[in-house]
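Given next are the chains, with one letter for each unit.
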Amino acid sequence: MESLENATQPTAVPEGRLTDVKLKRAPERFINRELSWLAFNERVLEEAHSPNHPLLERLRFLSISGSNLDEFYMVRVAGLMGQVEAGISATSQDGLTPAQQLEAINQRARTLIADQQSTWVGLVAELAEQDIEVITSDGLSRIDRQWLEQHFLDNIFPVLSPIAVDPAHPFPFIPNLEFGLVFDLMPPDRPEPVIALVRLPSPLARFVRIPDQSGKIRFLPLEDVVSLFIGHLIPGFKVQELGHFRVIRDSEIEIEEEAADLAGVFESALKRRRRGNVIRLSVNSGMPARLRDFLVDQLHIEPQNLFAHDGIVGVADVSQIITDERPELLFKAYDPRFPERIRDFGGDCFAAIHAKDIIVHHPYESFNVVVQFLRQAANDPQVVAIKQTFYRTSKDSPIVRALIEAAEAGKSVTALVELKARFDEEANIRWARDLERAGVQVVYGFMDLKTHAKVSLVVRREGGRLQSYAHYGTGNYHPITARIYTDLSFFTCDPTLTRDAAMLFNFMTGYARPEPMKEVSIAPFELRDTIKEGIAAEIANAKAGKPAAIWAKMNSLVDEEMIDALYKASKAGVQIDLIIRGICCLRPGLPGLSANIRVKSIIGRFLEHSRIICFGNGAPLPSRGAKVYISSADWMPRNLDHRVETLVPIKNPTVHEQILDQIMGANLRDKVCSWTLGPDGEYERVRTDGKGFSCHDYFMTNPSLSGRGSALKKAPPVQPPLSAQSAKPSKAARGKRGTPGTAPSKAASAKSANGAKSTGKEPSEPSE
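Criteria and thresholds
Residues numbered from 1 in each chain as written. Predicted model: local features only at pLDDT ≥ 70, side-chain atom pairs only at ≥ 80, totals over all residues. Heavy atoms only, no water. Helix = DSSP H or I, 4+ residues; strand = E, 2+ residues; numbered from the N terminus. Buried < 20%, exposed > 50% of the residue type's maximum accessible area, 1.4 Å probe, protein only. Contact = heavy atoms within 4.5 Å. Areas by Shrake-Rupley, 256 points an atom, 1.4 Å probe, with all protein chains shown as cover. Pairing = 2+ DSSP bridges. Axes fitted to C-alpha atoms, helices over the stretch in contact; angles between N-to-C directions. Polar contact = N/O pair within 3.5 Å; in protein donor to acceptor, adjacent residues only side chain to side chain. Expected span 1.5 Å × (residues − 1). Parallel < 35°, antiparallel > 145°, perpendicular 65-115°, else oblique. Nonpolar A, V, L, I, M, F, W, Y, C, P; charged D, E, K, R; others polar. Phe/Tyr/Trp six-rings, centres within 6.5 Å; stacked < 30°, edge-to-face > 60°. Core = buried A, V, L, I, M, F, W, Y, C linked by side-chain atoms within 4.5 Å. Salt bridge = Lys/Arg side-chain N within 4 Å of Asp/Glu carboxyl O. Left-handed = near helix turned anticlockwise from the far one by under 90°.

Colleague: Honestly, the overall build of the chain in this entry has me stumped. Any pointers?
Modeller: The secondary structure content of the chain amounts to 19 helices and 27 strands. Considering the chain as a whole, with its 768 residues, one finds that 60% of them fall into the buried category. Sequence separation of at least 24 residues holds for 76% of the intrachain contacts in the chain that already meet a minimum separation of 6. Total accessible area computed for the chain in this model is approximately 29,600 Å², and 50% of it derives from carbon and sulfur atoms.

Below, the structure is given as structure tokens:
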């Protein structure tokens with residue numbers, strides 16, 4: 001592929017220029033982590049306005065932005081509120097106290113919420129033009145009301161329990177993310193009204209679909225249905241005023257430092273999480289002041305944590321009206337490719353890997369190859385041992401089933417289960433118990449470290465000796481999110497890499513710090529140092545007059561030490577190109593500090609999730625001599641210092657070329673899905689004037705290198721044009737919508753997602 005040297009030519013910055021910006025050690029050299037995350041969610045919301053996406057997919061992006069924000073409050077905001085309550089005034093790396101951060105978050109979140117509501121109103125109008133209607137009770141006919149009343153009595157009434165709040169009936173517990181109605185009742189035998197509540201439990205659908213003879217698809221929100229027929233719940237009473245609300249509770253888990261049974265500790269902690277403090281109360285803007293004040297008092301909410309919505313309360317739930325009945329309003333189905341090279345070996349994964357390392361690029365290539373690898377191991381009589389990490393996986397996971405089958409067949413099977421995978425703790429406990437019952441040796445990891453590494457190891461008898469096969473991944477062993485997240489699965493039987501995998505498992509199960517590994521770097525030990533050494537080597541190259549460049553792709557860049565190392569490299573003349581989907585605390589483009597650093601964020605149909613690091617190693621990128629790594633870790637203190645993570649070097653020439661030239665090259669060239677970060681911390685969409693290169697379309701329509709095998713000769717990949725790298729950002733201010741680019745290819749995909757957790761929803765995965 002043609003070199004990117006001209007597009008990434010570094011510009012050395014004299015040391016004296018630092019006096020121009022006065023940011024060498026100032027906290028202002030960092031962007032606030034929480035505000036950077038909110039900026040990410042603003043970009044997600046902007047996809048709901050993109051003409052590139054079908055209408056129902058745009059609605060999905062709105063829903064994703066809502067679930068993202070919910071989780072942000074449950075975890076990040078809850079943590080800051082706890083610090084304020086504890087009197088902690090220590091500042092963040094950008095110089096803000098917890099109280100100052102909360103103030104800034106609430107101000108920006110209110111703007112974001114207002115944008116969500118206006119987006120909802122606009123999408124409802126567009127949906128109505130396509131005969132999908134979200135109506136109000138005013139739009140109901142007599143026949144509609146009759147049907148709804150019977151539906152209410154049959155399917156909703158039995159679930160509801162109205163509670164009049166008085167000394168004999170205290171305010172009920174409202175679970176996290178649950179809705180409720182609050183209303184003033186006038187009893188028939190009392191002169192004063194009483195306030196009553198009715199919870200709307202989460203098993204009830206948020207929208208009720210109303211039959212329509214004309215072929216329209218019509219929905220009425222659940223709260224409107226209950227309001228219409230509330231007389232059935234409280235016969236004889238008169239409802240004077242009414243409103244609806246939703247609560248968000250602190251969902252962070254605190255656990256004891258010492259525990260004989262880690263699973264038991266988590267089961268108790270999960271029960272405590274459900275009763276966490278309310279940190280945000282959302283109400284409809286039409287709720288009377290008396291009812292609103294009552295809720296604020298009963299839920300112990302500070303005024304700044306009350307949010308009134310003009311549109312819909314609970315934006316995350318709007319995905320429930322996305323219907324498969326209108327396929328023309330959804331992304332066209334995309335079936336991931338299965339690596340042809342494995343087919344070249346008759347479906348034998350071990351034979352294909354033994355011939356040459358292979359990397360599988362999800363979701364463009366099927367996750368089934370990972371499942372097949374483990375199923376083959378479970379059924380192969382020559383396999384003697386399987387070792388596997390789990391951070392997140394799906395309900396009824398085929399990988400869990402494969403491990404159970406392997407254990408029942410008498411193989412030695414070890415599963416390292418991370419119970420601290422946020423919001424998946426309960427699921428992990430359940431299937432960990434299933435594995436144990438089948439005879440799998442289950443280890444729950446460390447109390448003080450999360451095991452975030454994604455590794456499988458299969459040991460097989462071959463020719464009178466043991467041969468090991470390893471899988472290193474950047475994403476979770478989750479077949480559902482693997483159709484949404486862009487991740488890498490690297491398979492190898494290289495003796496050094498498989499020995500390192502074995503040593504890693506010994507560390508995770510035996511807790512003894514492993515001997516220095518030959519190739520793989522792990523956190524919390526040498527991973528940070530390996531990256532810093534790579535940056536230092538590029539600084540040395542720049543000072544020696546050699547080409548010096550760094551390309552890196554990750555989800556989040558927060559760590560102060562790593563950011564300062566990149567600043568130092570920029571000042572030395574190293575050209576640095578970063579692709580960071582979510583949080584970025586580094587300020588690019590500042591004279592004297594980061595003039596040689598460019599940062600872009602790719603937001604589109606798929607969730608960018610893979611972590612890749614490339615060092616020029618004395619040559620312009622891309623080059624065959626570059627150092628290329630894949631990793632499970634983002635550059636955050638929690639990943640580098642408080643988790644078990646992997647950094648794996650890529651040396652096989654085909655895999656090296658696929659990651660460096662094809663994957664990173666296409667990401668750097670993308671215009672359609674790209675936003676650029678400015679020194680002020682604001683993002684601008686790359687303007688394409690209706691034309692541009694989309695990395696997502698490219699990967700859907702072009703084969704990968706290492707997985708193609710003999711088929712590569714028939715259809716070599718078409719490389720994107722070099723000129724696409726030099727895309728200029730639009731001059732539009734933040735929040736103004738540029739022209740996103742060309743429409744997606746007709747070959748397009750599985751359901752969109754700028755985030756999805758293992759529940760099947762699509763959040764941003766801040767928990768990762």
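Colleague: What is the right way to look at the sheet that holds strand 8 (residues 278-284) in this model?
Modeller: As a general point, the strands of a sheet are linked pairwise by backbone hydrogen bonds and lie either parallel or antiparallel. Spatial strand order, 2-4-3-7-8-9: six strands in an open sheet with mixed pairing. Only two strands of the sheet have a single neighbouring strand rather than two, namely strand 2 (163-164) and strand 9 (306-309). One ladder, built from four bridges, connects strand 8 with strand 9; its direction is parallel. Of the residues in strand 9, the one forming a bridge with Val283 is Ala308. Taken strand by strand, helix 3 (residues 55-85) contacts strand 7 (238-249), strand 8 and strand 9, and its axis lies near 135 degrees from that of strand 8.

Colleague: What's the story with the side chain of Asn702 in this structure? I'm lost.
Modeller: Note that Asn702 resides in the segment after helix 19 (695-701). Classification of Asn702 by relative accessible area gives buried; the value is 10%. Side-chain polar atoms of Asn702 contact the side chain of Thr701, separated by 3.4 Å.

Colleague: Help me understand helix 11 (residues 368-379), please; the structure alone is not making it clear to me.
Modeller: Side chains of residues three or four places apart in an α-helix project in the same direction, reflecting 3.6 residues per turn. Between the first and last C-alpha of helix 11 there are 16 Å, a value that for 12 residues agrees with the 16 Å anticipated at 1.5 Å per step. Taken together, the buried positions of helix 11 are Val369, Val370, Val371, Phe373, Leu374, Gln376, Ala377 and Ala378.

Colleague: What exactly am I supposed to notice about the packing of helix 15 (residues 527-543) against helix 16 (residues 560-572) here?
Modeller: Geometrically, a packed helix pair is captured by the angle between its two axes and the distance between the axes. In contact at an axis separation of 9 Å, helix 15 and helix 16 are set at 10 degrees when each is read in the N-to-C sense. When the axis of helix 15 is compared with that of helix 16, the two are roughly parallel. Of helix 16, the residues touching helix 15 (which contributes Arg528, Ile531, Lys532, Ile535, Ile539, Ala542 and Lys543) are Glu561, Met562, Ala565, Leu566, Lys568, Ala569 and Ala572. Here the residues of the contact of helix 15 with helix 16 sort into nine nonpolar, no polar and five charged.

Colleague: Can you walk me through the environment of Leu660 in this structure?
Modeller: Tracing the chain through its elements places Leu660 in helix 18 (residues 653-669). On a C-alpha basis, the gap between Leu660 and Pro622 in space is 6.3 Å, while along the polypeptide they are 38 residues apart. Excluding its chain neighbours within four sequence positions, the residues that come into contact with Leu660 are Trp551, Cys614, Leu621, Pro622, Ser623, Arg624, Ala626, Val628 and Gly665.

Colleague: Looking at this model, I keep getting lost on the packing of aromatic side chains. Mind explaining?
Modeller: The relation between two aromatic rings is expressed through the spacing of the ring centres and the mutual angle of the planes. The tally for this structure, following the rule as stated, stands at 18 aromatic pairs. Centre to centre, the rings of Trp37 and Phe40 are 6.2 Å apart; their planes meet at 65 degrees, and the pair counts as edge-to-face. With Trp37 and Phe40 both in helix 2 (residues 33-46) and three residues apart, the pair spans about one turn of that helix. Look at Trp37 and you get buried, because its relative accessible area is 4%. On the basis of relative accessibility, which here comes to 2%, the residue Phe40 falls in the buried class. On the numbers, 5.3 Å between centres and 80 degrees between planes, the contact of Tyr364 with Phe606 is edge-to-face. Of this pair, Tyr364 sits in the loop between strand 10 (358-362) and helix 11 while Phe606 sits in the loop between strand 21 (597-602) and strand 22 (607-608); the two residues are 242 residues apart in sequence, bridging distant segments of the chain. Neither residue differs from the other here; Tyr364 and Phe606 are each classed as buried.

Colleague: Teacher, can you tell me more about the nonpolar core here?
Modeller: Most often, soluble globular proteins have nonpolar side chains that are buried together. Core analysis: the largest hydrophobic core is formed by 91 residues, its most contacted members being Leu59, Tyr73, Trp120, Leu557, Leu566, Leu578 and Leu586. Of the residues forming this core, the biggest block, 15 residues, is contributed by helix 3. In this structure, Leu59 is in contact with Trp120, Leu123, Leu127, Val318, Ile321 and Ile322, ignoring residues within four places of it in sequence. Core analysis: the next-biggest nonpolar cluster, separate from the first, contains 54 residues, Val520, Ile602, Val644 and Val672 among them.

Colleague: Can you help me understand the pattern of salt bridges in this one?
Modeller: Where charged atoms from two side chains of opposite charge approach closely, those side chains can pair. Under the defined criterion, the tally for this structure stands at 31 salt bridges. Between Glu608 and Lys553 there is a salt bridge, and its shortest N-O distance comes to 3.0 Å. A residue pair is termed long-range when its members are at least 10 positions apart, and Glu608 in strand 22 and Lys553 in strand 19 (residues 549-554) qualify at 55 residues. Here the residues in one salt-bridge network are Arg528, Lys532, Asp559, Glu561 and Asp641, joined through shared partners.

Colleague: Looking at this structure, how should I read the sheet that holds strand 1 (residues 132-134)?
Modeller: Pairing is mixed in the open sheet, where three strands are placed in the order 1-6-5. Only two strands of the sheet have a single neighbouring strand rather than two, namely strand 1 and strand 5 (207-210). The sheet shows a mean angle of 25 degrees between the axes of neighbouring strands, taken without regard to direction. Examined bridge by bridge, strand 1 and strand 6 (residues 217-221) share three bridges and lie parallel to one another. Counted as the bridge partner of Ile132 is Ile217 from strand 6. On top of the sheet, helix 5 (residues 142-156) reaches strand 5 and strand 6; it is set at about 135 degrees to strand 5, its chief contact.

Colleague: Explain the packing of helix 3 against helix 4 (residues 98-129) here, please?
Modeller: Following both chains from N to C, one finds helix 3 and helix 4 inclined at 160 degrees, their axes separated by 11 Å at the closest point. One element, helix 3, and the other, helix 4, form an angle in the roughly antiparallel class. Taken as a pair, helix 3 and helix 4 cross one another with a handedness that is left-handed. Its residues assigned to classes, the contact of helix 3 with helix 4 comprises 21 nonpolar, seven polar and two charged.

Colleague: How do you make sense of the environment of Pro193 when you look at a structure like this?
Modeller: Here Pro193 shows up in the loop between strand 3 (179-186) and strand 4 (194-200). The spatial distance from the C-alpha of Pro193 to the C-alpha of Lys238 is 9.2 Å, given a sequence separation of 45 residues. Those residues in contact with Pro193 that sit more than four places away from it in its chain are Asp184, Leu185, Met186, Pro187, Gln240 and Arg290.

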